[in-house]
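Working through the structure, step by step
Listed here are the chains, written in short residue letters.
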Amino acid sequence: MTDTLTINTGEQRLATRMARGAEFLGSDVAIMAGAMSWVSERHLVAAMSNAGGFGVIACGAMTPALLDAEIAGTKALTERPFGVNLITMHPQLFDLIEICGRHRVGHVVLAGGLPPKGSLEAIKATGAKVICFAPALSLAKKLIRSGVDALVIEGMEAGGHIGPVSTSVLAQEMLPEIAGAVPVFVAGGIGRGEAIAGYLDMGAAGVQLGTRFVCATESIAHPNFKKAFIRASARDAVASVQIDPRLPVIPVRALKNAGGELFTAKQREVALLLDEGSVAMAEAQLQIEHYWAGALRRAVIDGDVEHGSVMAGQSVGMVTKEEPIADIIAHLMAEAATALQARAA
């Protein structure tokens, strides 16, 4: 009887803390799935939403036609809400926003930099809510003034493109200042429910996890890609190095392999083109982004985990097996509820 009461009390505390985020997302629990190129497609997104979380399609470099098909494919697999992540530097951003509007997508996540002029208004005109990434407090306040509906604060422990500050520091600095204004979702390095409980206690409306879901049964990632995750430890997930200060390259966190050396070589190649005046800076940066898209596809889809990019966050050491996404969410929620109950004792 006592054990049941304890569990119920912990679950009630968790539900109360997640209520704002879950209501905002339209999900059962305030856990967003990070948008991971090639991984966050219709099957994983639908499975995430069907399990009570919030799936997010990674548009990446998709054309409007491809995004149109992906959203339609996701809607065929779930009737639950899901979002679409759009990259701000995409040359057809406004066409992609129009596609989201046509499908009545309820939430659009903008990533990769400040939203271009008119993009927030274009998204809101479709009736969708706008979620943006804020890697610094000053930027978060600016985005809130601009009218965003929610923010994600993501630390350097995350996989893929990262900033320079850790999740724990960002949360301490930003949550007391902005959590009252809009729902804030914390991301980066979260692999267990105890961490989720901690950030909820600090004022977060919810969390975003990516690495933890890569090895979900429903993930289409190649078996080699999943095996690399299961075998890896936190220290295997390292950040890429910028070799030319003229070429602003956002660091990427991935598992150590020969692909990291290939990226260094690619930077040298692009820097040489800049020296020769063969390409403009915008084109140089685009070449870098195209490199990552191709390198990631080689690993995720083709299974070349040695030469492709195995993007992973430092929580990868907590990924120990392949399991259904519903089980992952259930484990996280149970851990979070137990932690909240223990703190109340």
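Up top is the structure these notes are about.
In what follows, the accompanying structure is described. Everything numeric here is computed off the predicted structure, so don't read it as measured data.

As a further point, take the packing of aromatic side chains. Centre-to-centre distance and the angle between the planes together describe a pair of aromatic rings. In the structure shown here, the tally under the stated rule is five aromatic pairs. Ring plane angle 70° and centroid distance 5.4 Å describe the contact between tyrosine 291 and tryptophan 292, whose orientation is recorded as edge-to-face. Judged by relative accessible area, tryptophan 292 falls into the buried class, the value being 7%. Feature note: the residues Phe263, Tyr291 and Trp292 constitute an aromatic cluster, connected by ring pairs. Its guanidinium or amino end placed over the ring of tryptophan 38, arginine 297 lies 5.2 Å from that ring's centre, counting from NZ or CZ.

Burial of strand β6 (residues 150–154) is extensive: four of the five residues sit out of reach of the surface. Relative to β6, strand β5 (residues 129–133) runs parallel, the two sharing three bridges. Each bridged residue has a counterpart across the sheet, and for isoleucine 131 the counterpart in β6 is alanine 150. Once you follow β5 into helix α6 (residues 137–146) and on to β6, the crossover reads as right-handed.

The next point concerns the sheet that holds strand β7 (residues 160–161). Strand order in the open sheet made by the three strands is β7-β11-β10, with antiparallel pairing throughout. Both outer strands of the open sheet, β7 and β10 (237–239), are each paired with one neighbouring strand and no more. Pairing geometry for β10 and strand β11 (residues 252–255), over three bridges, is antiparallel. Looking at β11, one finds that alanine 239 is bridged to arginine 253.

With that out of the way, let us pick up the pairing of β5. Taken together, the four bridges between strand β4 (residues 107–111) and β5 define a ladder with parallel strand orientation. Looking across to β5, one finds that leucine 110 is bridged to cysteine 132. Once you follow β4 into helix α5 (residues 119–125) and on to β5, the crossover reads as right-handed.

Turning our attention to the packing of helix α3 (residues 64–75) against helix α4 (residues 93–102). In the contact formed by α3 and α4, the axes pass within 9 Å of each other and the chain directions differ by 25°. Judged by the inter-axis angle, α3 sits roughly parallel to α4. Note on packing geometry: the crossing formed by α3 with α4 is right-handed. Contact with α3, carried on its side by Pro64, Leu67, Asp68 and Ile71, involves Asp95, Leu96, Ile99, Cys100 and Arg102 of α4 and no other residues of that element. Per-class residue counts for the contact of α3 with α4 are six nonpolar, no polar and three charged.

Thresholds applied
- Residues numbered from 1 in each chain as written.
- Predicted model: local features only at pLDDT ≥ 70, side-chain atom pairs only at ≥ 80, totals over all residues.
- Heavy atoms only, no water.
- Phe/Tyr/Trp six-rings, centres within 6.5 Å; stacked < 30°, edge-to-face > 60°.
- Buried < 20%, exposed > 50% of the residue type's maximum accessible area, 1.4 Å probe, protein only.
- Lys NZ or Arg CZ within 6 Å of the ring centre and 35° of its normal.
- Helix = DSSP H or I, 4+ residues; strand = E, 2+ residues; numbered from the N terminus.
- Pairing = 2+ DSSP bridges.
- Right-handed = clockwise from strand over helix to strand, strands pointing away.
- Axes fitted to C-alpha atoms, helices over the stretch in contact; angles between N-to-C directions.
- Parallel < 35°, antiparallel > 145°, perpendicular 65-115°, else oblique.
- Left-handed = near helix turned anticlockwise from the far one by under 90°.
- Contact = heavy atoms within 4.5 Å.
- Nonpolar A, V, L, I, M, F, W, Y, C, P; charged D, E, K, R; others polar.

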